[in-house]
Amino acid sequence: MAEFFSSIPVIKYEGAGSTNPLAFKYYNADEVVAGKPMKEQLKFALSWWHTMGGDGTDMFGVGTADKTWGESSPEARAKAKVDAAFEIMTKLGIEYFCFHDRDLSPEYGSLAETNAKLDEVTDYIAEKMKADPTKKLLWGTAKCFDHPRFMHGAGTSPSADVFAFTAAQIKKAVEATVKLGGKGYVFWGGREGYETLLNTNMALELDNIEPKPKEPTKHQYDFDTATVLGFLRKYGLDKDFKMNIEANHATLAMHTFQHELRVARDNGVFGSIDANQGDMLLGWDTDQFPTNVYDTALCMYEVLKAGGFVNGGLNFDAKARRGSFTPEDIFHSYIAGMDAFALGLRIADKMISDGRLDKFVEDRYASWNTGIGADIIAGKATMADLEKYALEKGEVLDSLSSGRQEMLESILNNIMFSL
Ligand code: XUL
Ligand code: CO
């Protein structure tokens, strides 16, 4: 089989002192951090859409990167994509991948033909996975948003025929995911709408929902984790779904990435992550490779506190910038993202073992552990009890101590920079 990236070696860990751009400085797959090898803590995944298909096309210009993989027929290209993806994953030591159905195989004349061609590609992937069992599917999904038939939505379309088509497409995408042993299936409501899954009864045990507030449309009702949670509870689905949280979607919703992760963790619905970052000066989903170490550290702090990934992982829903157009840039961008998360994991582990931040929070809320606080928590105190308590107690200003925001931020810097 042809090698697609003959100039790229297997990427190795060389440590922070290395200046080799094609080496990991912080990601050391087998090193144990917070009780598990880094590769198990981080569970990196390659996104088929950006990496194998995204050629840099934008509103102002055509593609800049060649993602034809040397093939002109759609069938041959789909298979070449599989070979190239496996080579990329092997060279980077990435064990998982994620796809939309149409990233694997495009649409052909009819749905039946499209399905048959998709089967050929999933058969081919299954064969390759058998030969190399280190490669696993993290999740699959359906692309129910780019074809013109979805111009008015998919699950939300005014046309019942489009709705039925969508259901058929999703059914097939779920089957493809199950066939390849996927750990989850992601619903993203950008144009699709979630009614599809409600009415087609296709919910799997390991489903994820990915919030996003806007883009492609102005108002999306899957706005953020809290909104999606309300939606799931309304339909009694909150035990069946977990959140797939994307950093750039969090910031589009005017939240921090950590806020979204914490809301999910607090509500027992943390599932998986689409790892990327947005540009704070732009108001759209730029899907950049994550390099902001504050964000990855606070993210991994939430992941560790949630008990780590179960069926989820860190999928790089990220693309190299349009100007980074060479095959080598695929590797540079994944190395940047993987190292940023490796640093994040190392820092998060230290934040927890250092204990200063957690201890501060514990002390701040200590009044809830005994006396009137414990009674309130236990549901024993009535409004009348609290009135009596407050009248007897008098002014309560003295019960407060400083929030120490600056001290805490400085502790975080101290932990980060004394790794
Ligand atoms: C879109 C997005 C998608 C989902 C899967 O904003 O993030 O790539 O992750 O459809
Ligand atoms: Co995403």
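Please read these numbers as outputs of a predicted model, since none were measured by experiment. (Residues numbered from 1 in each chain as written. Chains lettered and ligands numbered in written order. Predicted model: local features only at pLDDT ≥ 70, side-chain atom pairs only at ≥ 80, totals over all residues. Heavy atoms only, no water.)

This part takes up the nonpolar core. Core analysis: the biggest nonpolar cluster contains 92 residues, and Leu42, Leu46, Trp48, Leu92, Ile125, Ile273 and Phe341 have the highest contact counts within it. The element contributing the most residues to this core is helix H12 (residues 327–354), with 11 residues. Residue contacts for Phe341: discarding those within four places in its chain leaves Leu42, Phe44, Phe257, Ala275, Pro290, Thr296, Cys299, Met300, Leu314 and Phe316. By size, the runner-up hydrophobic cluster in this structure holds 7 residues, among which are Ala45, Trp49, Tyr96 and Cys98. (Core = buried A, V, L, I, M, F, W, Y, C linked by side-chain atoms within 4.5 Å. Buried < 20%, exposed > 50% of the residue type's maximum accessible area, 1.4 Å probe, protein only. Helix = DSSP H or I, 4+ residues; strand = E, 2+ residues; numbered from the N terminus. Contact = heavy atoms within 4.5 Å.)

Here the focus is the sheet that holds strand S10 (residues 241–246). Read around the barrel, 8 strands follow the order S5-S6-S7-S8-S9-S10-S11-S12 and close on themselves; strand pairing throughout is parallel. Ignoring strand direction, the axes of neighbouring strands in this sheet form an average angle of 30 degrees. Both strand S5 (residues 44–47) and strand S6 (residues 96–100) contribute to a ladder of 3 bridges, which runs parallel. Looking across to S6, one finds that Ser47 is bridged to Cys98. Across the face of the sheet, helix H8 (residues 225–234) comes into contact with strand S9 (207–210) and S10 while running at roughly 160 degrees to S10. (Pairing = 2+ DSSP bridges. Axes fitted to C-alpha atoms, helices over the stretch in contact; angles between N-to-C directions.)

So, about the coordination of the cobalt ion (ligand 2). Each protein donor to the cobalt ion (ligand 2) is listed here as Glu210 (OE), Glu246 (OE), Asp274 (OD) and Asp317 (OD); together their distances run 1.9 to 2.2 Å. One way to put it: the 6 donor atoms around the cobalt ion (ligand 2) meet at angles of 78 to 169 degrees, and that makes the site octahedral. Each donor residue of the cobalt ion (ligand 2) belongs to the same chain, and together they define the spacing E-x35-E-x27-D-x42-D. Taken together, the residues Glu246 in strand S10 and Asp274 in strand S11 (residues 270–274) connect sequence positions 28 residues apart. In this structure Glu246 comes out as buried when scored by relative accessible area, which is 1%. Asp274 sits in the buried class, given a relative accessible area of 0%. (Donors = N, O, S within 2.8 Å, 3.2 Å for Na, K, Ca; no water. Tetrahedral: all angles 85-135°; square planar, octahedral: opposite > 155°, others 65-115°.)

To continue, consider the site of ligand 1. The environment of ligand 1 is formed by Trp49, His100, Trp139, Trp188, Glu210, Lys212, Glu246, His249, Asp274, Asp285 and Asp317. Side-chain polar atom of His249 to an oxygen atom of ligand 1: 3.0 Å apart, as the coordinates give it. Between ligand 1 and the protein, one listed contact pairs an oxygen atom with a side-chain N or O atom of Asp274 at 2.8 Å. Here ligand 1, which alone exposes 300 Å², has 93% of that area covered by the protein. Taken together, the residues of the shell around ligand 1 break down into 3 nonpolar, 2 polar and 6 charged. (Near = heavy atom within 4 Å. Polar contact = N/O pair within 3.5 Å; in protein donor to acceptor, adjacent residues only side chain to side chain. Areas by Shrake-Rupley, 256 points an atom, 1.4 Å probe, with all protein chains shown as cover. Nonpolar A, V, L, I, M, F, W, Y, C, P; charged D, E, K, R; others polar.)

To continue, consider the pattern of salt bridges. Applying the stated criterion across every chain yields a total of 25 salt bridges. The partner of Glu75 in a salt bridge is Lys117, and the shortest N-O contact between them spans 2.8 Å. Placement of the pair is Glu75 in helix H3 (residues 74–92) and Lys117 in helix H5 (residues 111–131), with a sequence separation of 42 residues. Taking the shortest distance from any N to any O, the salt bridge between Lys212 and Glu215 comes out at 3.6 Å. Residue classification places Lys212 among the buried positions, given a relative accessible area of 4%. (Salt bridge = Lys/Arg side-chain N within 4 Å of Asp/Glu carboxyl O.)

What follows deals with a nonpolar patch on the surface. There is a patch of nonpolar side chains on the surface, built from Val361, Tyr365, Trp368, Ile376 and Ile377 and spanning about 490 Å² of accessible area. Positionally, Ile376 belongs in helix H14 (residues 371–377). For Ile376, a relative accessible area of 34% gives the class partly exposed. (Patch = residues over 30% accessible without salt bridge, like charges linked within 9 Å, V, L, I, M, F, W, Y side chains within 5 Å.)

We now examine the domain arrangement of the protein chain. Here the protein chain is partitioned into domain 1 (12–354) and domain 2 (368–416). Of note, the centres of domain 1 and domain 2, computed from C-alpha atoms alone, are 41 Å apart. Opposite the 7 residues of domain 1 that make contact, domain 2 presents 4 residues. Carbon and sulfur atoms make up 77% of the area that domain 1 and domain 2 hide from each other, which totals about 590 Å². Summed over the shared surface of domain 1 and domain 2, the number is 0 salt bridges. Run the count over domain 1 and domain 2 and you get 1 residue pair in polar contact (both at pLDDT 80 or more). Looking at the side of domain 1 that touches domain 2, the elements with two or more residues in it are helix H11 (293–305) and H12. No other element matches H12, which puts 4 residues into the side of domain 1 that touches domain 2. Counted by class, the side of domain 1 that touches domain 2 contains 5 nonpolar, no polar and 2 charged residues. (Domains from an automatic or database assignment. Buried area = accessible area lost by both parts, 1.4 Å probe.)

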